[in-house]
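Each chain is listed here by its residues.
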Amino acid sequence: MSNAVFSPPEGFQEHVSPSNFVQALGPMYRRDREDGTTTIALWVLKIHLNLHGIAHGGLVATLIDNAIGYNVAKALSGSVMTAHLTIDYLSSARLGDWVEADVQINRKGRRMCFAECTLRNGSSLMARASCILAPVA
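The present account deals with the structure reproduced in this document. Each chain has its residues counted from 1, following the order in which its sequence is written. Side-chain atom pairs in this predicted model are given and counted only at pLDDT of 80 or more, local residue features only at pLDDT of at least 70, and totals for whole chains, interfaces and linings cover all residues. Side-chain figures throughout are based on the complete set of non-hydrogen atoms in the structure, without hydrogens or water.

Glancing now at unusual backbone geometry. Unusually for a residue other than glycine, serine 77 sits at a positive phi of about 55°. Checked against the element boundaries, serine 77 lands in the loop between helix H2 (57-76) and strand S4 (80-89). The helix and strand labels rest on DSSP assignments: H or I over at least four residues marks a helix, E over at least two residues marks a strand, and numbering proceeds from the N terminus.

With that out of the way, let us pick up the layout of surface pockets. Of the volumes computed, that of the largest pocket is approximately 360 Å³. Using protein atoms alone on a 1 Å grid, points that fit a 1.4 Å probe yet trap it form a cavity, whereas open point sets bounded by protein on both sides within 12 Å along at least five of seven lines form a pocket; residues with an atom within 4 Å of a point count as lining. Lining the largest pocket are 19 residues, and of these Ser17, Asp65, Asn66, Gly69 and Tyr70 sit closest to its centre. The set of elements that each furnish at least two residues to the lining of the largest pocket consists of helix H1 (20-23), H2 and S4. Among the elements that line the lining of the largest pocket, the one with the most residues is H2, at six residues. Class assignment of the residues belonging to the lining of the largest pocket gives a composition of nine nonpolar, eight polar and two charged. Grid points are joined across faces, edges and corners, and a volume is the space filled by probe spheres set on the points. Classification used: nonpolar for Ala, Val, Leu, Ile, Met, Phe, Trp, Tyr, Cys and Pro, charged for Asp, Glu, Lys and Arg, polar for all others including Gly.

Right, let's talk about the nonpolar core for a bit. Of all hydrophobic cores here, the largest spans 29 residues; its most connected members are Leu63, Ile64, Ile68 and Leu119. Those elements that provide at least two residues to this core are strand S3 (38-43), H2, S4, strand S5 (98-108), strand S6 (113-121) and strand S7 (124-135). Here this core gets seven residues from one element, more than from any other, and that element is H2. Leaving out residues up to four positions away in the same chain, leucine 119 has contacts with Val60, Leu63, Ile64, Val99, Glu100, Ala101, Ser124, Leu125, Met126 and Ala127. Counting residues in hydrophobic clusters, the runner-up holds six residues, among them Phe12, Tyr29, Ala41 and Leu45. Here the nonpolar core consists of buried residues drawn from Ala, Val, Leu, Ile, Met, Phe, Trp, Tyr and Cys, with membership extended through side-chain atoms lying within 4.5 Å. Summary of the burial criterion: residues with accessible area below 20% of their type's maximum are buried, those above 50% are exposed, and those between are partly exposed, where the area comes from a 1.4 Å probe applied to protein chains only. Any two residues having at least one pair of non-hydrogen atoms within 4.5 Å are treated as being in contact.

Quick look at the environment of isoleucine 87 now. With respect to the element layout, isoleucine 87 can be found in strand S4. Looking at isoleucine 87, the relative accessible area reads 18%, which means it is buried. Linking isoleucine 87 and glycine 11, residues 76 residues apart in sequence, is a C-alpha distance of 27 Å. Setting aside its immediate chain neighbours within four residues, isoleucine 87 contacts Ala61, Ile64, Ala127, Arg128 and Ala129.

Following this line, the structure appears as structure tokens:
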């Protein structure tokens, strides 16, 4: 599996970000959850690997930031920007792994929104993050 594109698991559809930067990472996928949030996921491709053969930390951060931003923007019905992002890297992903980001919105205010994200590689918790976002004026 180099940079070939594989079909996502059942229930996922292509997620096209309006961000040129995120689009450059290759295809992402999404699946709506019963709680109203959306899981954002991707296959780890060759272009995502660092020199150790695992998913680059920048990819992990971008996937988390995209998943949180998408979910909060949807919940607030408007654009948001990341004001603060903290990530704990707990395990890794390798070429061909399917990685999913799930978001929980903890508090929505007029000026700030607080959310968390868990990133899983199969059943393994790969990263967790907390984020503060602000609506774009």
